[in-house]
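# Structural description and commentary
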Amino acid sequence: MSKNQSFRYILWILLSVFVGYAPMLANHFTLDDAILLTAPYPQTFSDVIYLFSEPVPHQLLLHYRPLTFLSFVADHYFWGDNPIGFHVTNLCLAALSAVTAFVLLQSLLSLKEAFLSVLLFSLCPASSEAIFSIYNRSQILGSLGLFLSVIFWHYALKKNTCSWAWMLGSAGTLFLGCLAKENAFVTPLICLLWTWVCPASPNRRKMIWFGFLFQGMACIAYLYLRYRIVGAIGFQKVDSFLPAEASILTRYINMCWIFTQYVQLLFFPVSLSCDYPLQPVFFHGAAFVCPLLFLFFGTLLIRRNFVGKKAGFGGFWFLIHLLPALHGIPIQIPFAERLLYPAALGGMILLALGFQKISKRMSSFFLFFLIFGNLGILWTRCLDWKTEDRLWEKTLQQYPSSYRAWIYFGTQAMLKKNWTLAFDCYHRAGALNPNRQNRILLLHNLAHLYLQLNQKKRARSFFSQVLELEPYHRPTCWALGDLAAQERQWNSAIFWYEKVVFPVNRWDRESLLIQQRIHFCEQSKQ
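Residues numbered from 1 in each chain as written. Predicted model: local features only at pLDDT ≥ 70, side-chain atom pairs only at ≥ 80, totals over all residues. Heavy atoms only, no water.

### Digging into helix 18 (residues 419–431)
- Between the first and last C-alpha of helix 18 there are 18 Å, a value that for 13 residues agrees with the 18 Å anticipated at 1.5 Å per step.
- Along helix 18, the positions that sit buried rather than exposed are Ala422, Phe423, Cys425, Tyr426 and Ala429. Down the axis, helix 18 shows its buried residues gathered within 165 degrees of arc, on one side only. Turned more than 90 degrees away from the buried face of helix 18 sit Thr420 and Ala431, all of them exposed.
- Elements that come into contact with the buried residues of helix 18 comprise helix 17 (403–415) and helix 19 (436–452).
- Count one or two residues on from helix 18 and you reach Asn433, which has phi positive near 55 degrees. (Helix = DSSP H or I, 4+ residues; strand = E, 2+ residues; numbered from the N terminus. Expected span 1.5 Å × (residues − 1). Buried < 20%, exposed > 50% of the residue type's maximum accessible area, 1.4 Å probe, protein only. Arc of directions from axis to C-beta. Contact = heavy atoms within 4.5 Å.)

### Brief notes about the packing of aromatic side chains
- Tallied over the full model, the rule gives 34 aromatic pairs.
- Plain terms: the ring middles of Phe69 and Phe72 are 5.5 Å apart, the flat faces sit at 90 degrees to each other, and that makes the pair edge-to-face. Placement of the pair is Phe69 and Phe72 together in helix 3 (residues 66–79), with a separation of 3 residues, close to one helical turn.
- Given the relative accessible area of 0%, Phe72 is considered buried.
- A ring pair is formed by Phe147 and Trp317, whose centres lie 6.1 Å apart and whose planes are at 25 degrees; its orientation type is stacked. Of this pair, Phe147 sits in helix 7 (residues 137–158) while Trp317 is found in helix 13 (residues 306–322), placing the two residues 170 residues apart along the sequence.
- For Trp317, a relative accessible area of 0% gives the class buried.
- Following the ring pairs from residue to residue traces out a cluster consisting of Phe121, Phe147, Trp194, Phe313, Trp317 and Tyr341. (Phe/Tyr/Trp six-rings, centres within 6.5 Å; stacked < 30°, edge-to-face > 60°.)

### Digging into the packing of helix 17 against helix 19
- Packing of helix 17 against helix 19 leaves a shortest axis separation of 11 Å and a crossing angle of 20 degrees. As far as their axial angle goes, helix 19 and helix 17 are roughly parallel. Viewed along their axes, helix 17 and helix 19 form a crossing whose handedness is left-handed. Every residue of helix 19 that contacts helix 17 at Tyr403, Arg404, Ile407, Thr411 and Met414 is listed here: Asn438, Leu441, Leu442, Asn445, His448 and Leu449. (Axes fitted to C-alpha atoms, helices over the stretch in contact; angles between N-to-C directions. Parallel < 35°, antiparallel > 145°, perpendicular 65-115°, else oblique. Left-handed = near helix turned anticlockwise from the far one by under 90°.)

### Notes on the pattern of salt bridges
- This model, assessed by the stated rule, comprises 13 salt bridges.
- With its nearest N and O atoms 3.1 Å apart, the salt bridge here joins Arg381 to Glu337. One end of the pair, Arg381, is in helix 15 (residues 360–384); the other, Glu337, is in the loop between helix 13 and helix 14 (344–355), and 44 residues separate them in sequence.
- The buried category is assigned to Arg381, whose relative accessible area is 3%.
- Given the relative accessible area of 0%, Glu337 is considered buried.
- The closest approach of N and O atoms between Arg474 and Asp508, which form a salt bridge, is 2.9 Å. (Salt bridge = Lys/Arg side-chain N within 4 Å of Asp/Glu carboxyl O.)

### What about the nonpolar core?
- Core analysis: the biggest nonpolar cluster contains 164 residues, and Tyr262, Leu340 and Leu345 have the highest contact counts within it.
- In contact with Tyr262, not counting residues within four places along its chain, are Phe318, Leu322, Ala325, Pro334, Phe335, Ala336, Leu339 and Leu340.
- Among the nonpolar cores identified, the runner-up in size contains 15 residues, and Ala39, Tyr41, Val48 and Val73 belong to it. (Core = buried A, V, L, I, M, F, W, Y, C linked by side-chain atoms within 4.5 Å.)

### Here's the deal with a nonpolar patch on the surface
- Nonpolar side chains collect at one region of the surface, where Trp12, Leu15, Val19 and Trp379 lie side by side and expose about 410 Å² of accessible area between them.
- Considering every element that reaches the nonpolar patch, the biggest residue donor is helix 1 (residues 2–21), with 3 residues.
- Using a relative accessible area of 53% as the deciding quantity, one classes Trp12 as exposed. (Patch = residues over 30% accessible without salt bridge, like charges linked within 9 Å, V, L, I, M, F, W, Y side chains within 5 Å. Areas by Shrake-Rupley, 256 points an atom, 1.4 Å probe, with all protein chains shown as cover.)

Just geometry here; none of it tells us what the structure is for.
Right, here's the structure in full:
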């Protein structure tokens, strides 16, 4: 009976994912999806093995997510550049992730509690960016690796046979999850939490130490690979949300504040955006609320009451998954919906347990309201993500201080040769104190705008400002080389080209084009 019921629940979960996200199949490529079309990486299976040994550059960042890019190669093979196919893959991966989460939670919660948790998780608007954005499928793949790793961990501690195989499988899927997205790196903490709530069989307790040893080796292997290939364990050339001189107290206050922002977004997803232009704060009440919240969930974890332990598990699942997003280490952006994807499951566990504590009629009413309310928000978000223009228009309506939106519309105005509007948008963006990466983009675009107006001196001035921030910025050095070549200053042109001619990986076509320009300049000198 339980197997049949479990199967029916899985069908409902699959149906909810496909109904909730089906409208996105009509969407175009948006935001970071440009990586799929412009970044140098293989488009066929012939040399995908090098994805595991070479980074993929985009703008100022080097990405090392080989499994994610391998999935893009598969999409290119089957669909070409048709965005529908890429969205179908995201939809299928989201459904697979939800089913895997359900299989995992059945080992901790009752069948009904697990179903409600995953049903709400699969329709959670606050983490929908991970599914709408094709490039952000890395979040889904990383979470899938984490879910599988915890499932294998549980089997290793509970099954009477093949314990070593299950434990090695747990370490292996952790490693694969990290190769898709760095968020899987928190898996050992989740397994520790799981072991506390679901203790191992007495004859399996030694296995715990070996399990953490295997997972530790998997984490070290991933960090070693990442450091060798990217040159850093974290992200290079990323502005820290907080200034380097910020005190420990300031860092603590901002970590607590951002955590409460994620809590608010999870349970009240009414102002969703692809950009949240947050600024650091110097004082916030969250600094007092968060310790009380953690103390509350910690108290639930150490109680003998298993219901309380399950609630504590949900709370700490949410916290652990957000640890990398709270700016203890520099990350690319201050705040993003997609970072909520694995964490949201913990919040939905708390909601599902809460529904069990109220009357059946009341819980049915709230559940009906929540599901159809989330569906309405998801379908609205699908329409918002249909095109990039529409997405940034929606962003400006909610956050007029989004410098990324102003830079985007300035670039669109420049492409349409509406110089006045382009200058206006870029000046608005500059006044909003963009971070380093967007400041470089803004200055570079302004330089090109002046080139379009044949004001080369002003253009060179903005190019110089870019090089002060990033001395080896390839688009800028390339543009300065072209300027010198137009003026027949061949030595100067060769100097700028040679600064950025080195290939980043074997698929770097820009490097070949720059080599051709160097060859042309050398011939022209003679």
